[in-house]
Amino acid sequence: AHKTGSSGTNENGMTAAVNDVGIITLPNGKHLAIAIFVNDAYADYVILEKTIAETAKTIYEYYANEWCNTVASTFPASSKSTNFIGIIALTWFSL
């Protein structure tokens, strides 16, 4: 699940915000909440969207690999009661 948002681009070509917030389901069934905010950017909107997509893909690949699944299995029992591994929020400025 995810929700996107964006502002317009001003007369100087700056886009104040392009954002995506979502929940990533990992292969082990755990979930990761992620929010990526691109602010005050002069890049083309397509490049801003691609930056968000590639960042989310990199985060997914990191948490989905076998090493992270092994580490997650060593968390205390109390943390195993939730399906969330963590929450990540990133902000990129001036692309």
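In this text, all values refer to a predicted model and were calculated from it rather than measured experimentally. (Residues numbered from 1 in each chain as written. Predicted model: local features only at pLDDT ≥ 70, side-chain atom pairs only at ≥ 80, totals over all residues. Heavy atoms only, no water.)

Points about the overall build of the protein
Phase 1: A count of helices and strands for the protein gives three helices and four strands.
Phase 2: The order of helices and strands in the protein, counted from the N terminus, is β-β-β-α-α-α-β.
Phase 3: Per-residue burial over the protein gives 29% buried out of 95 residues.
Phase 4: A fraction of 57% describes how many contacts in the protein between residues 6 or more apart in sequence connect residues 24 or more apart.
Phase 5: Here the protein has roughly 6,000 Å² of accessible surface; of this, 60% comes from carbon and sulfur atoms. (Helix = DSSP H or I, 4+ residues; strand = E, 2+ residues; numbered from the N terminus. Buried < 20%, exposed > 50% of the residue type's maximum accessible area, 1.4 Å probe, protein only. Contact = heavy atoms within 4.5 Å. Areas by Shrake-Rupley, 256 points an atom, 1.4 Å probe, with all protein chains shown as cover.)

Overview of helix α1 (residues 45–64)
Phase 1: For α1, built from 20 residues, the straight-helix expectation of 28 Å at 1.5 Å per residue is met to within 8% by its first-to-last C-alpha distance of 28 Å.
Phase 2: Turning to α1, its buried residues are Leu48, Thr51, Ile52, Thr55, Ile59 and Ala64.
Phase 3: With a side-chain oxygen lying 3.0 Å from the backbone nitrogen of valine 46, the N-terminal cap of α1 falls on aspartate 44. (Expected span 1.5 Å × (residues − 1). Polar contact = N/O pair within 3.5 Å; in protein donor to acceptor, adjacent residues only side chain to side chain.)

A closer look at the nonpolar core
Phase 1: Ranked by size, the top nonpolar core spans 13 residues in total, and within it Ile24, Ile34, Val38, Leu48 and Ile52 carry the most contacts.
Phase 2: Broken down by secondary-structure element, the contributors of at least two residues to this core are β2 (15–25), β3 (31–41) and α1.
Phase 3: At five residues, the largest contribution of residues to this core is made by β3. (Core = buried A, V, L, I, M, F, W, Y, C linked by side-chain atoms within 4.5 Å.)

A look at the confidence of the model for the protein
Phase 1: In this model, the protein carries an average pLDDT of 77, and 68% of its residues clear a pLDDT of 70 or more.
Phase 2: By mean pLDDT, the top-scoring element of the protein is β2 (89), and the lowest-scoring one is helix α3 (residues 77–80) (47).
Phase 3: Counting interchain partners and residues more than four positions distant, the pLDDT-below-50 stretch residues 77–81 has four contacts. (pLDDT = per-residue confidence, 0-100.)

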